[in-house]
Amino acid sequence: MSDESLSQNQVESLLKAMETVDGPARDATDSDAAAAKPSEASAALPRGKTSHQKVSGLLPEGTRVTSYDFKRPERVGKDQMRAMHSLHETLARNYGASMSGLLRTMTEVKLLSVDQLTYSEFVFSLDNPSCFSVLKPSPLEGHWILDVAPTLSYAVIDRMLGGDPKPGEAIRRPLTEIETRLIRRIVDLFLTQLKVTWENIVELEFEVDRMESNPQLVQIVPPNEVIILVGFEVMLGKNRGMMNLCIPFNTIEGFNSQLSRNGWVGYGKGKPTEKSRERISTSIETAPVDVVVTLARSKIRTGDLLELSVGDVITTEKEVNSPLELSIQDVPKFNARAGAFKGKKAVRIESILESRRIPPDEEPE
């Protein structure tokens, strides 16, 4: 839409023209009278054009006119929507792996859509009754919502209680207190992954404020308020169900810069913090690696190898006093000397080698 705005006279003329186009049909006498004495707005605009073309006649050449619904304002930019999509794709993968471990069965979670709509449209699109969790994302103001469809919630409960859920008719009743406690386990698991997903944007602490069965009894924002709806499809065996995360836009509006395309791309290129350094160092310190010391390399024919016996000597081209090669994960890293330490065989590092991977033809025989 063009950045230029219409003047008051142009707006009034436009409204009159729209009334002429959309008004009730008149008889032939009125039509002849209107043709004989056209209105000022009709005289200013060519006949035989659609409403979009008439509006274009009031705007500069080359201006593109698009429809806009004031009941559904698009407050979230495309860059922010792309960032939200990337964020929750990672969440879907991680949550699927966590669900598989909890339920001891293969569970797949897919991100279906990320849309913006009004809160009333979201509420009236849900099943009733449903598993409706109101979340408090501290330190943000307001609440978020996580909805678990009945087809999914009862399949998960059946699996947790040792059953083998099969697709069937949906159960139309609210969850019991015991069933609510069981569903709370997968909700808490979702919140754990949601916190990890959002930590690069803002550090959030989630807690379940309350759980309801009738979505229409919960109003966290005005009906016309814009929300971001993140839809996930969960596949548990032959069962499929939806999980919907409702994020009111006014709760995250202050983080538009981090969610914008440039901010999102550049956000991960910041300087590392002490906390991130410590986390990476701890992970590296506990990672096991293979350390191999190569005494010498030599080639031998298969026939000679089969004829070897105890006491035979294999000659190599490496001198006895030459340093040994110490490799880490098949990458030569150091020159070393063989020896003993506290009665055990050991090597002492003497110098650093330039990193190079051992070619296959140089593997020790």
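Keep in mind the model is a prediction, meaning the values are calculated, not measured. (Residues numbered from 1 in each chain as written. Predicted model: local features only at pLDDT ≥ 70, side-chain atom pairs only at ≥ 80, totals over all residues. Heavy atoms only, no water.)

Draft legend 1. Highlighting the packing of aromatic side chains. As enumerated under the stated definition, the model contains 6 aromatic pairs in all. Judged by centre distance (5.8 Å) and plane angle (75°), the rings of phenylalanine 190 and phenylalanine 232 are edge-to-face. With phenylalanine 190 in helix α8 (residues 177-198) and phenylalanine 232 in strand β5 (residues 226-236), the pair connects residues that are 42 residues apart, well separated along the chain. Here phenylalanine 190 and phenylalanine 232 have matching classes, each one buried. In this structure an aromatic cluster arises from ring pairing among Tyr95, Phe190 and Phe232. (Phe/Tyr/Trp six-rings, centres within 6.5 Å; stacked < 30°, edge-to-face > 60°. Helix = DSSP H or I, 4+ residues; strand = E, 2+ residues; numbered from the N terminus. Buried < 20%, exposed > 50% of the residue type's maximum accessible area, 1.4 Å probe, protein only.)

Draft legend 2. Spotlight on the pattern of salt bridges. Here the structure, examined in full by the defined rule, presents 11 salt bridges. For glutamate 179, the salt bridge identified is with arginine 173, shortest N-O distance 2.8 Å. Looking at glutamate 179, the relative accessible area reads 13%, which means it is buried. Notably, a salt bridge pairs arginine 348 with glutamate 350, separated by 3.8 Å at the nearest N-O pair. On the accessibility criterion, glutamate 350 (42% relative accessible area) is partly exposed. (Salt bridge = Lys/Arg side-chain N within 4 Å of Asp/Glu carboxyl O.)

Draft legend 3. Expanded view of the sheet that holds strand β9 (residues 331-341). Within the open sheet, the 4 strands sit side by side as β7-β8-β9-β10. Their pairing is antiparallel. Strands at the two margins of the open sheet, each flanked by one partner only, are β7 (291-294) and β10 (344-352). Recorded for the sheet is a direction-independent mean angle of 40° between the axes of neighbouring strands. As paired elements, β7 and strand β8 (residues 324-328) share 4 bridges and run antiparallel to each other. Paired with threonine 294 across the two strands is glutamate 325, which belongs to β8. (Pairing = 2+ DSSP bridges. Axes fitted to C-alpha atoms, helices over the stretch in contact; angles between N-to-C directions.)

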